[in-house]
Amino acid sequence: MDLSKYSFRRALRPFSFTVALVICLTGIASATVSSAFNSFSAALVLAGGLLLQAGVNLINDYADRHQLETNNANAAHLRAMIRIEQNFRIGLTCFLLASVIALYLVTQVGIELLWLALLGIVGALGYTLEPMNYKRRGLGVVLVFWFMGVLMVSGSYFAVTGDLSATVVWQSVPVSLLTSLLLLSNELRDYEADRRDNIATLSVRIGYARASGLYLVLVIATYLSAIVLWWSGALQSLWPLLPSLLCVLPSYRLLQADETQRKTLTPLTGRLFLVFGLGYCLALFI
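Residues numbered from 1 in each chain as written. Predicted model: local features only at pLDDT ≥ 70, side-chain atom pairs only at ≥ 80, totals over all residues. Heavy atoms only, no water.

**Some remarks on the overall build of the chain**
- Of the regular secondary structure elements, the chain holds 14 helices and zero strands.
- In the chain, the order of α-helices and β-strands from amino to carboxyl end is α-α-α-α-α-α-α-α-α-α-α-α-α-α.
- On C-alpha atoms alone, the chain measures out to a radius of gyration of 19 Å, which is about the 19 Å that the 2.2 N^0.38 rule sets for 286 residues.
- Once the C-alpha set of the chain is aligned to its principal axes, its extents read approximately 60 × 45 × 25 Å.
- Counting the 286 residues in the chain, one finds 52% classified as buried.
- Taking all contacts inside the chain whose residues are at least 6 apart in sequence as the whole, residues at least 24 apart take part in 75%.
- In the form shown here, the chain has an accessible surface area of approximately 13,200 Å², with 67% of it arising from carbon and sulfur atoms.
- For the chain, the distance from the average site of its 20 positive side-chain charges to the average site of its 15 negative ones is 4 Å. (Helix = DSSP H or I, 4+ residues; strand = E, 2+ residues; numbered from the N terminus. Rg over C-alpha atoms; globule rule 2.2 N^0.38 Å. Buried < 20%, exposed > 50% of the residue type's maximum accessible area, 1.4 Å probe, protein only. Contact = heavy atoms within 4.5 Å. Areas by Shrake-Rupley, 256 points an atom, 1.4 Å probe, with all protein chains shown as cover. Lys, Arg positive; Asp, Glu negative; His and termini not counted. Charge placed at Lys NZ, Arg CZ, Asp CG, Glu CD.)

Here is the structure:
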């Protein structure tokens, strides 16, 4: 087991901050057409989203303590457990700060936002924490679509405008699919290690071949859903999405690579997420 992954920097996973950035910006971009748009609330939404993402990342390894405890005579494992505990406490602090921001926004737009925020925080905590731990149950790729995708986009829009519409929910679909894709890339990158450590992610449960096929399905579904939104008038244009197509092939090629070469799969998928996501935000109002 690579114990260096429990260091604060690696546990923080800075590259994944693009998820919170793009997801919150999607809700904010959708809200710019509203007369109730509030720029200060938009800034708070971005800050809260980044804190929530940091919290999710830092508590992500907490469930690994059980495996390390079986080797508690090893000094390296003991140090790793201490780092996990420290990261966990910092992660909870991030959740607390995000909650403070959410409570302020609730006072501005109404109690409905509180229920959305609570649902999002419970979903974030449940990713690796018992009794939910939907990563261990193979539900991470599915549930992240809702919690870190649809719910966050809709919540961001509501926090900025005090309103919510079905159109915003539909507009959240492409970036929500990419959120699931990014998590799936992480599972595919760690497939062999997760099998060795008996971590039953979705990819481990269905096998590498089917999981890599799902990767392609999610990519295609992302672009198809954007086209449908454009056709329906919910997306103003498609041309801002074109640069992201250049990021698809390098990521997809790595699916056939060996375990060592596949380490860059998640960063490359993250680049696809960022380029598509920023272009998508632009396409919402141009």
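**Some thoughts on the packing of aromatic side chains**
- Per the stated rule, a full pass over the model turns up five aromatic pairs.
- Ring centres 5.0 Å apart and planes at 85 degrees place the aromatic pair Phe145 and Trp146 in the edge-to-face group.
- The class for Phe145 is buried, based on a relative accessible area of 14%.
- Accessibility expressed as a relative area gives 49% for Trp146, which makes it partly exposed.
- When the centroid spacing of 5.9 Å and the interplanar angle of 15 degrees are considered together, the rings of Phe276 and Tyr280 count as stacked. You can see Phe276 and its partner Tyr280 sitting in helix α14 (residues 265–283), four residues apart, about one turn around the helix.
- Assessed through its relative accessible area of 0%, Tyr280 is described here as buried. (Phe/Tyr/Trp six-rings, centres within 6.5 Å; stacked < 30°, edge-to-face > 60°.)

**Considering the nonpolar core**
- Within the largest apolar cluster, 73 residues are counted, with the highest numbers of intra-cluster contacts made by Leu188, Tyr215, Leu235 and Tyr280.
- For this core, the element with the highest residue contribution is helix α7 (residues 140–161), accounting for 11 residues.
- Setting aside chain neighbours within four positions, we find Leu235 in contact with Ala226, Leu229, Trp230, Leu241, Tyr280, Ala283 and Leu284. (Core = buried A, V, L, I, M, F, W, Y, C linked by side-chain atoms within 4.5 Å.)

**Here's the deal with the state of the cysteines**
- One pass over the full model with this rule turns up zero disulfides.
- Cys281 supplies the cysteine sulfur nearest to Cys24, a cysteine that is in no disulfide, at a spacing of 9.9 Å.
- Of all cysteine sulfurs in the structure, the one in Cys24 sits closest to Cys94, which takes part in no disulfide; the separation is 14 Å.
- Accessibility expressed as a relative area gives 11% for Cys94, which makes it buried. (Disulfide = S-S within 2.5 Å.)

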